[in-house]
Amino acid sequence: RMNIPSLPLAKLADAAIDFLVETCAPFTRAGAEVVSALLDIFEHGLLACPPWLFIPLLCGITWLLTRRLLFPLGVGLGFALLWNIGLWTPTIVTLALVLASTVLSSLIGVGLGILAGVCKPVRICIMPLLDIMQTMPAFVYLIPAIPFFGIGKVSAMVATVIFSVPPAIRLTCLGIRQTPVSLVECSEAFGATRWQRLCKVELPLAIKTIIAGINQTIMLSLSMAVIAAMIGAGGLGSEVWKAIQRMQIGNGFAAGLGIVIVAVTLDRLFQALARRVGHGGWDN
């Protein structure tokens, strides 16, 4: 058998991570402060609202978006159940992490998606990276986050953002590229600049697809809740992780049900928002 030397891939990866940690330390510290501040805003803001006020407000928002009675009632009963079984604070912590991660993922994803949609070289470069990101196991994202940001909520949020941003990029790019050629040619015939065409033709037509991408980002953020708990994310994922370690099946089921309630609520809200936008406003 031929004795072929193996490539030192692991050593090269370790060396690259060490180099980046040393080189990018000032940037990672600044980024960690921004991420931590954003997360604190959501977490403290949501926790400041007592459950007896938060639940009716959420039901009201749900009714305004869906114009249905049963789903807001189900949302209210679901969150009231989480309050009743003592999972209110973990639920709000998880909700804050998901919302903060969604804000960052949306800013990054929509920005890169627009760039990829209007610039072919950027699209050619970014699509293979998205393929890699979407096929990489979720646990792998925890590995580089720890050396850069340490163990805690910041690392968990960074890993969540990296894991959940690809759909926002893909669907934003797709929405812009699906703009009918006739409308593009019409805007050019009327003398629209590239910026005007983007803002007044392509983005308005792509908004429903963009919201669908943000919706997928939210679902992926929630799917990271348990995995991110391994590096200190807290919330319902931490409750599930503790239940796994202690073989507390009932506690794990209750925390898992909480994640389902949050996921279904956010999913239906953003679907309703997409329908509203797609039908042209709030009067329909």
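Model, not experiment: these values are computed from the prediction.

**Considerations on the overall build of the chain**
1) Next: Helix and strand counts for the chain come out as 14 helices and 0 strands.
2) Next: Each helix (α) and strand (β) of the chain, taken in turn from the N terminus, gives the series α-α-α-α-α-α-α-α-α-α-α-α-α-α.
3) Next: Expressed as lengths along the three principal axes of its C-alpha atoms, the size of the chain is roughly 70 × 65 × 45 Å.
4) Next: Each of the 284 residues in the chain was classed as buried or not, and the buried ones make up 42%.
5) Next: Summarising the internal contacts of the chain: among those between residues at least 6 apart in sequence, 76% fall at separations of at least 24.
6) Next: As displayed, the chain offers around 15,600 Å² of accessible surface, 70% of which is attributable to carbon and sulfur atoms.
7) Next: Distance between charge centroids for the chain: 8 Å, based on 19 positive and 13 negative side chains.

**Remarks on the packing of helix H5 (residues 88-118) against helix H6 (residues 120-135)**
1) Next: Axis separation between H5 and H6 bottoms out at 5 Å; the angle between their running directions is 120°. When the interaxial angle is binned, H5 and H6 end up oblique. Two secondary-structure elements touch here, H5 through Leu-112, Leu-115, Ala-116, Gly-117 and Val-118 and H6 through Lys-120, Val-122, Arg-123 and Ile-126.
2) Next: Looking at the contact of H5 with H6 residue by residue, the classes come out as 6 nonpolar, 1 polar and 2 charged.

**Things to note about the confidence of the model for the chain**
1) Next: Chain-level pLDDT for the chain is 86 on average; 96% of the residues reach the 70-or-more range.
2) Next: Looking over the chain, one finds the lowest element-wise mean pLDDT in helix H7 (residues 142-149), namely 78, and the highest in helix H4 (residues 70-84), namely 93.

**Quick notes on a nonpolar patch on the surface**
1) Next: Together, Leu-81, Ile-85, Phe-253, Leu-257, Val-260 and Val-264 give the surface a local cluster of nonpolar side chains, amounting to about 490 Å² of exposed area.
2) Next: A per-element tally of the nonpolar patch places helix H14 (residues 249-278) first, with 4 residues.
3) Next: On the secondary structure map, Val-260 appears in helix H14.

**What about the pattern of salt bridges?**
1) Next: Counted under the stated rule, the structure contains 7 salt bridges.
2) Next: Arg-197 is the partner of Glu-202 in a salt bridge, and the nearest nitrogen-oxygen pair spans 3.5 Å. The pair formed by Glu-202 and Arg-197 is uniform in burial state, with each residue classed as buried.
3) Next: One salt bridge connects Lys-242 with Glu-239, and the closest N-O pair in it is separated by 3.4 Å. Here Glu-239 and Lys-242 lie together in helix H13 (residues 235-246), a separation of 3 residues that amounts to about one turn.
4) Next: Judged by relative accessible area, Lys-242 falls into the partly exposed class, the value being 30%.
5) Next: Three or more residues joined by partner-sharing salt bridges are found here, namely Glu-188, Arg-194, Arg-197 and Glu-202.

**A look at the side chain of Asp-267**
1) Next: Position of Asp-267 relative to the elements: it lies in helix H14.
2) Next: When its relative accessible area of 11% is taken as the criterion, Asp-267 is described as buried.
3) Next: Of note is the side chain of Asp-267, whose polar atom sits 2.6 Å from the side chain of Arg-268.

**Examining unusual backbone geometry**
1) Next: With a phi close to 55°, Arg-67 is a non-glycine residue in the positive phi region.
2) Next: Turning to its location among the elements, Arg-67 is positioned in the loop between helix H3 (51-66) and H4.
3) Next: On the basis of relative accessible area, Arg-67 is assigned to the partly exposed category, the value being 44%.

**What to know about the packing of aromatic side chains**
Both the distance between ring centres and the angle between the ring planes are used here to describe each pair of aromatic rings.
1) Next: The final tally for this structure, using the stated rule, is 4 aromatic pairs.
2) Next: Ring centres 5.8 Å apart and planes at 65° place the aromatic pair Tyr-141 and Phe-163 in the edge-to-face group. Of this pair, Tyr-141 sits in the loop between H6 and H7 while Phe-163 sits in helix H8 (residues 153-164), and the two are 22 residues apart along the sequence.
3) Next: An aromatic cluster is present here, built from Phe-54, Phe-79 and Trp-88 joined pairwise through their rings.
4) Next: The aromatic ring of Trp-63 is capped on one face by Arg-67, whose charged end is 4.8 Å from the ring centroid.

**Topic: the packing of helix H10 (residues 181-189) against helix H11 (residues 194-223)**
1) Next: Where H10 meets H11, the axes come as close as 11 Å, and the angle between the chain directions of the two elements is 160°. On the basis of the axis angle, H10 is roughly antiparallel to H11. You can see that H10 and H11 cross each other, and the crossing is right-handed. On H11, the residues that touch Leu-183, Val-184, Ser-187 and Glu-188 of H10 are Arg-197, Val-201, Glu-202 and Leu-205.
2) Next: Considering only residue class, the contact of H10 with H11 consists of 4 nonpolar, 1 polar and 3 charged.

Each value, and the rule that gives it
- Residues numbered from 1 in each chain as written.
- Predicted model: local features only at pLDDT ≥ 70, side-chain atom pairs only at ≥ 80, totals over all residues.
- Heavy atoms only, no water.
- Helix = DSSP H or I, 4+ residues; strand = E, 2+ residues; numbered from the N terminus.
- Buried < 20%, exposed > 50% of the residue type's maximum accessible area, 1.4 Å probe, protein only.
- Contact = heavy atoms within 4.5 Å.
- Areas by Shrake-Rupley, 256 points an atom, 1.4 Å probe, with all protein chains shown as cover.
- Lys, Arg positive; Asp, Glu negative; His and termini not counted.
- Charge placed at Lys NZ, Arg CZ, Asp CG, Glu CD.
- Axes fitted to C-alpha atoms, helices over the stretch in contact; angles between N-to-C directions.
- Parallel < 35°, antiparallel > 145°, perpendicular 65-115°, else oblique.
- Nonpolar A, V, L, I, M, F, W, Y, C, P; charged D, E, K, R; others polar.
- pLDDT = per-residue confidence, 0-100.
- Patch = residues over 30% accessible without salt bridge, like charges linked within 9 Å, V, L, I, M, F, W, Y side chains within 5 Å.
- Salt bridge = Lys/Arg side-chain N within 4 Å of Asp/Glu carboxyl O.
- Polar contact = N/O pair within 3.5 Å; in protein donor to acceptor, adjacent residues only side chain to side chain.
- Phe/Tyr/Trp six-rings, centres within 6.5 Å; stacked < 30°, edge-to-face > 60°.
- Lys NZ or Arg CZ within 6 Å of the ring centre and 35° of its normal.
- Left-handed = near helix turned anticlockwise from the far one by under 90°.

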